[in-house]
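# A closer look at the structure
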Amino acid sequence: MNLAFDDFTDQFCLDIARLVPEFPTQMGLFQVGDEPVPQHYFSRIDAESVKQRQQLLQSGADELQQFSLSELDDTERVTAGFLAFFTQYIHERGLIGLAGSEFDRHENLLRPAVGLQCELPLFLTDLHPMRHAQDAEDYISRLRSIPALLRQAGDQCINNMQQGFCPPVYLQDATIKELDGFTAQSITENVVYTTFCQKTLAMAELKVATREQMCQEVASLLQAETGPAYQDLSALLVGHRDESVTEPGAWRLPDGEAWYEFLLRCATTTSLGAAEIHDLGLVETERLEGRIIDASRELRYTVNSIADCHQLLDADLGGSLEDTEENRQAILTRARELVDEMRIECGQLFHQLPQGPLDIKAMPRFAESNRNQSYQPPSLDGSRPGFMELSLGQILAEPGFELPILVYHEIYPGHHLQIATAGELAHLPDLRKITTFDAYIEGWAKYAETIPHQHGINSDPRLNLSRMRRELISTANLAMDTGIHHKRWTLEQAMNFFMAHTGVSENFARFLAHRSASVPAQMCAYKIGMMKMLALKERWFDRHGTGADIRDFHGRVLGSGALPLDLLEQVVNGGAEGGSTTAGMQEVEQRREQLPREARLHNAGQACSKR
């Protein structure tokens, strides 16, 4: 153990926590060593604060160079590789890696679903700790700061628009809709107010009169300051709406193509460029379309196109449900049942399951139209449960068999199993416990969707077909995202491509195209990460034999927390060089589809493959 290196890593994490306290708080880290993570302010968005964050990353990168790898143990060497990538390509809550330092104005702080107008109140309600009276005071302090942050973000947005950083008009309209939706609620129905009042009920140290006074202060802030700030920002954006553009691609921004390549590096954690990812998306989309049509015919569906497959499967699964409170509660109940069932099954596929608490909750209705289903891990100290947030309105509009796949992706054996496990790994430094690289976590979650079918947990072929069409969406995203931001597709071209190759509705295609326009490159992480996980698994069993225990492979992938994919490959292979190229991943995909299902199981333990 190199104590100097460990001290450096801990101090670097603490310095980040002081500048961007939402980053560790989001992942449930409330204390670094003996120092608490600040909870009374949000990270600042002014130019000087952005510069301070860049200086911190640079000093971290410089200090990292002072350590010799030969003097570090195995965990520390992986941490060194992790930090080398982190300082260059982190793209998380105000942190922009050094390789993207010239792009500080490219980030739209008011994007729909993930902009400050949604993220700040939802951070308070979902992620801000509420353990004791000081947390309640900090909640109010953060709420008090929101109006100034929104005004500053609005001014920056307009200033950037005047310099060529104009958002597409439909994204601007979606943000305006979110701003108006927040203020359309009465104060006593606003989730910021109701959450505060509900959570402070459990604080025995708060006297009744003190709690009532604090609840009134929250209501007054919403009424007199936060609400008007949302209204003013809405009016500001409406007044500049005509300055927005129609083209969705990052290429239209100053140095937009370079910005997009940087985002792809952050999202996929590989060196794959836009042109290579686009070609990969086209090839893999065509291949998966063929597999889905073949699987549909095995179900005796009469199909001539991918759209036929989806229509017949949806009809077979029963279609959508009426949006009633009874049906909403039924979905929550069924989701909780599925989580309990899958936890039992995963006990035979993994050496270790996370012990942290878990909850299933409904997404606030005002965020349902633009926000995706999501997962947040439990806090490292156990004071906050992990939770899956369900957009019940979206789920009601989809066939009921989609819910199990959502649970597989978000909870078991997906995000919760992976991220919560990482938080419980005692040998990892705090920064590695709380950092999530999209390609790793989303690639794992997409791989996790395949596990129940591959290991006989759920053998319904309709469910696997439903999973495959979700994989098809992630695959087509590669071509659509790069089409928009690299090939300069219009919104209509992107939507037409997506509908033609996935069979989804026009509304869903528009939703995904808008998401791609709003958050460039991020949707490329899913399939790239999934292909890497499958390639690593294939090579693992090639080396260790078909009788190897699947739990050992899963332990190797999960045992170091989230990593850039190339570094993960080194860890899984024990230092051996391996196929990090597109060709290598595609070779495994081709082999996977050519093998019969029984061979793909690799005889991975009788307890796993026989039910």
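This paragraph deals with the overall build of the protein chain. Scanning the protein chain from N- to C-terminus turns up 27 helices and 7 strands. Compactness check: the protein chain gives a C-alpha radius of gyration of 24 Å against a globular reference of 25 Å for 611 residues, within 12% of the reference. Overall size of the protein chain, expressed as C-alpha extent along the three principal axes, is 65 × 60 × 50 Å. Going through the 611 residues of the protein chain one by one, you find that 57% of them count as buried. Partitioning the contacts of the protein chain with sequence separation of at least 6, the portion at a separation of at least 24 is 77%.

Glancing now at the layout of surface pockets. Of the volumes computed, that of the second largest pocket is approximately 600 Å³. Forming the boundary of the second largest pocket are 24 residues, of which Thr125, Thr195, Gln198, Lys199 and Lys361 lie nearest the centre. Elements represented by at least two residues in the lining of the second largest pocket include exactly helix H5 (116–126), helix H8 (191–200), strand S5 (358–362) and strand S7 (386–390). Per element, the largest residue contribution to the lining of the second largest pocket is 5 residues, and it comes from H8. Here the residues of the lining of the second largest pocket are counted per class, giving 9 nonpolar, 7 polar and 8 charged.

Our focus in this paragraph is the confidence of the model for the protein chain. When pLDDT is averaged along the protein chain, the result is 91; 93% of the residues meet or exceed 70. In this model residues 576–585 is a low-confidence stretch, pLDDT under 50, and it forms 16 contacts with partners more than four residues away in sequence or in other chains. Residue range residues 595–611 is modelled with pLDDT below 50. Its contacts to residues more than four positions away, or to other chains, number 35 contacts.

Next up on the list: the nonpolar core. By size, the foremost hydrophobic cluster in this structure holds 107 residues, and its most contacted members are Phe12, Phe86, Phe350, Leu390, Leu431, Tyr440 and Leu568. The biggest single contributor to this core is helix H22 (residues 524–544), with 10 residues. With near-sequence residues (within four places) excluded, Tyr440 lies in contact with Gln418, Met533, Val557, Leu558, Gly561, Ala562, Leu563, Leu565 and Leu568. Of all hydrophobic cores here, the second largest spans 47 residues; its members include Met130, Met161, Cys166 and Phe366.

The next point concerns the environment of His501. Considering the arrangement of structural elements, one finds His501 in helix H20 (residues 491–502). Residue His501 is classed as partly exposed on the basis of its relative accessible area of 27%. Counting along the chain gives 196 residues from His501 to Ser305, while the straight-line C-alpha distance between them is 9.0 Å.

Helix-helix packing: each pair is described by the crossing angle between the helix axes and the interaxial distance. Between H8 and helix H9 (residues 208–239), the least distance of the axes is 10 Å, while the angle of their chain directions is 170°. With respect to H9, the axis of H8 lies roughly antiparallel. Of H9, the residues touching H8 (which contributes Val192, Tyr193, Phe196, Cys197, Gln198 and Thr200) are Arg211, Met214, Cys215, Val218, Ala219 and Leu222. Its residues assigned to classes, the contact of H8 with H9 shows 9 nonpolar, 2 polar and 1 charged.

Next up on the list: the sheet that holds S7. Taken in spatial order, the 3 strands of this open sheet run S5-S7-S6, and their pairing is mixed. Both outer strands of the open sheet, S5 and strand S6 (374–376), are each paired with one neighbouring strand and no more. Going from strand to strand, the sheet's axes swing by 20° on average, the running direction of each strand aside. Inspection of the sheet shows S6 paired to S7 by 3 bridges, in the antiparallel sense. Bridging from a neighbouring strand, Tyr375 pairs with Met388 of S7. Where helix H13 (residues 325–346) meets the sheet, it contacts S5 and S7, and its direction lies at approximately 160° from that of S5.

Before going further, it helps to spend a moment on empty space enclosed by the protein. One pass over the full model with this rule turns up 3 cavities of 30 Å³ or more. Computed from the structure, the second largest cavity encloses a volume of approximately 50 Å³. Around the second largest cavity sit Ile405, Tyr408, Glu449, Pro452, His453, Asn458, Leu463, Asn464 and Arg467, which together line it. Contributing elements (two or more residues each) for the lining of the second largest cavity: helix H15 (402–410), helix H18 (438–454) and helix H19 (461–485).

Where H5 meets helix H6 (residues 133–162), the closest approach of the two axes is 10 Å, and the angle between their N-to-C directions is 175°. Between H5 and H6, the angle falls in the class roughly antiparallel. Where H5 approaches H6, its residues Leu116, Gln117, Leu120, Pro121, Phe123, Leu124 and Thr125 are matched on the opposing element by Tyr139, Arg142, Leu143, Ile146, Leu149, Leu150 and Ala153.

How each quantity is defined
Residues numbered from 1 in each chain as written. Predicted model: local features only at pLDDT ≥ 70, side-chain atom pairs only at ≥ 80, totals over all residues. Heavy atoms only, no water. Helix = DSSP H or I, 4+ residues; strand = E, 2+ residues; numbered from the N terminus. Rg over C-alpha atoms; globule rule 2.2 N^0.38 Å. Buried < 20%, exposed > 50% of the residue type's maximum accessible area, 1.4 Å probe, protein only. Contact = heavy atoms within 4.5 Å. 1 Å grid on protein atoms, 1.4 Å probe; cavity = no way out; pocket = protein on both sides within 12 Å on 5 of 7 lines; lining within 4 Å. Points joined across faces, edges and corners; volume = space filled by probe spheres on them. Nonpolar A, V, L, I, M, F, W, Y, C, P; charged D, E, K, R; others polar. pLDDT = per-residue confidence, 0-100. Core = buried A, V, L, I, M, F, W, Y, C linked by side-chain atoms within 4.5 Å. Axes fitted to C-alpha atoms, helices over the stretch in contact; angles between N-to-C directions. Parallel < 35°, antiparallel > 145°, perpendicular 65-115°, else oblique. Pairing = 2+ DSSP bridges.

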